[in-house]
Amino acid sequence: MDDIKALETRITDALDRIAWQLSKPKAALVAEEGPSKADLIAQLEDERRANTQLEERVGKLKARQDGQIADLEKRASDQAAQIAALDVQLQQLRGSNADLTDVCAKLRAAAADGVAEAELINRALIAEVDGLTAQRSAEAAEVAAILSDLKPMLQQEA
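Residues numbered from 1 in each chain as written. Predicted model: local features only at pLDDT ≥ 70, side-chain atom pairs only at ≥ 80, totals over all residues. Heavy atoms only, no water.

1. A look at the overall build of the chain
Stated formally: Think of it this way: any DSSP run of H or I at least four residues long counts as a helix, any run of E at least two long counts as a strand, and we number them from the N terminus. Here the globule rule is a power law, 2.2 Å times the number of residues to the power 0.38, and the radius of gyration is based on C-alpha atoms. Any residue under 20% of the maximum accessible area for its type is buried, any over 50% is exposed, and the rest in between are partly exposed; the area is computed with a 1.4 Å probe on protein chains only. To be clear on the numbers: accessible area is Shrake-Rupley with a 1.4 Å probe, and residue cover counts the displayed protein chains and nothing else. Positive residues here are Lys and Arg, negative ones are Asp and Glu, while His and the chain termini are left out of the count. By convention, the charge on Lys lies at NZ, on Arg at CZ, on Asp at CG and on Glu at CD.
The helix and strand inventory of the chain stands at four helices and zero strands. When its helices and strands are written in sequence order, the chain yields α-α-α-α. Relative to the compact-globule value of 15 Å for 158 residues, the chain shows a C-alpha radius of gyration of 43 Å, a clear excess of over 25%. Summarising its shape, the C-alpha atoms of the chain cover approximately 130 × 55 × 20 Å along the three principal directions. Of all 158 residues assigned to the chain, the portion counted as buried reaches 10%. Of the accessible surface of the chain, which amounts to about 13000 Å², a share of 60% is contributed by carbon and sulfur atoms. The average position of the 20 basic charges and that of the 29 acidic charges among the side chains of the chain differ by 7 Å.

2. Quick look at the layout of surface pockets
Spelled out, the test is: Using only the protein atoms, space was sampled on a 1 Å grid; points where a 1.4 Å probe fits but cannot get out form cavities, open sets with protein on both sides within 12 Å along at least five of seven lines form pockets, and lining residues are those with an atom within 4 Å of a point. Grid points are joined across faces, edges and corners, and a volume is the space filled by probe spheres set on the points.
Its boundaries defined by the atoms lining it, the largest pocket holds a volume of some 250 Å³. Taken together, Asp 71, Leu 72, Lys 74, Arg 75, Asp 78, Gln 79, Gln 82, Ser 148, Asp 149, Pro 152, Gln 155 and Gln 156 form the lining of the largest pocket. Listing elements by their share of the lining of the largest pocket, those giving two or more residues are helix H3 (37-112) and helix H4 (118-157). At seven residues, H3 tops the list of elements feeding residues into the lining of the largest pocket.

3. Quick notes on H3
Selection criterion: Helix span, as expected, comes to 1.5 Å for every residue beyond the first. Contact definition: two residues touch when any of their heavy atoms are within 4.5 Å.
The end-to-end C-alpha distance of H3, which contains 76 residues, comes to 109 Å, matching closely the 112 Å that a straight helix rising 1.5 Å per residue would cover. Considered for burial, the residues of H3 that qualify are Gln 82, Leu 86, Gln 89, Leu 93, Ser 96, Val 103 and Ala 110. Looking at the packing, one finds that the buried side of H3 touches H4. With its phi angle positive at about 85°, Gly 114 sits one or two positions after the end of H3.

4. Some details on H4
Between its terminal C-alpha atoms H4 stretches 58 Å, which fits the 58 Å expected from 40 residues at 1.5 Å a residue. Where H4 is concerned, the buried positions are Leu 120, Ala 124, Ala 127, Gly 131, Ala 134, Ala 138, Ala 141 and Ala 145.

5. A short note on the pattern of salt bridges
A side chain with one charge can pair with a side chain of the opposite charge if their charged atoms come near. Put simply, the test is: By salt bridge we mean one thing: a side-chain nitrogen of Lys or Arg within 4 Å of a carboxyl oxygen of Asp or Glu.
This model, assessed by the stated rule, comprises five salt bridges. Lys 62 serves as the salt-bridge partner of Asp 66, at 3.2 Å between the closest nitrogen and oxygen. Residue Asp 66 and its partner Lys 62 are both found in helix H3; the two are separated by four residues, about one turn of the helix. According to the relative accessible area criterion, Lys 62 is partly exposed, its value standing at 49%.

6. Brief notes about the confidence of the model for the chain
Quick reminder of the rule: Confidence of the predictor in every single residue is expressed as pLDDT, which spans 0 to 100.
Looking at the chain as a whole, its pLDDT mean stands at 81, while 92% of the residues score no less than 70. Averaged pLDDT values for the elements of the chain fall to 56 in helix H2 (residues 26-32) and rise to 85 in H3.

7. Quick look at the packing of H3 against H4
Selection rule: To obtain each axis, a line is fitted to C-alpha atoms, and for helices this fit is confined to the stretch in contact; angles are then taken between N-to-C directions over 0 to 180 degrees. For classification purposes, angles smaller than 35 degrees are called roughly parallel, those larger than 145 roughly antiparallel, those between 65 and 115 roughly perpendicular, and all remaining angles oblique. Helix crossings get a hand from a simple test, with the near helix turned counterclockwise from the far one by less than a right angle marking a left-handed crossing and a clockwise turn marking a right-handed one. Each residue receives one of three labels: charged for Asp, Glu, Lys and Arg, nonpolar for Ala, Val, Leu, Ile, Met, Phe, Trp, Tyr, Cys and Pro, and polar for the others, Gly being one of them.
Two elements in contact, H3 and H4, have axes whose closest approach is 8 Å; the angle formed by their N-to-C orientations is 160°. Classed by the angle they form, the pair H3 and H4 counts as roughly antiparallel. Where H3 crosses over H4, the handedness of that crossing is left-handed. Partitioned by chemical class, the residues of the contact of H3 with H4 number 16 nonpolar, nine polar and nine charged.

Okay, structure coming up:
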């Protein structure tokens, strides 16, 4: 029963508000409607201009970001190639050092026996030269990697 009374009260209040709005003069109703059509069109055009400007800015930012990403990807691939070259040089250096260690052990054994073999001395010298060459190549590759990292920084400062 209370629900019916509450609904009846709400309906009565709504009808009173409708009657009150209908009793107002028409000029007052038009004034309460809000901005005119011309104002709304002007606001819409302002929003469209702002939207166009934002889209242009987003496009420029995206292009700049894409350029930076491409540069970073190129640098990463260059560095990966340099690391691979360094790895090859280091493998050669390790191989030369292992060969030098082996020949030196044989040379020590021959010297301990009192026999000086010219072939072992020759192999030891060749292994040492190969080791020095591989070390030089590894150092050159390392310098090239460092220079490639420094070059972009120097170009940005210039």
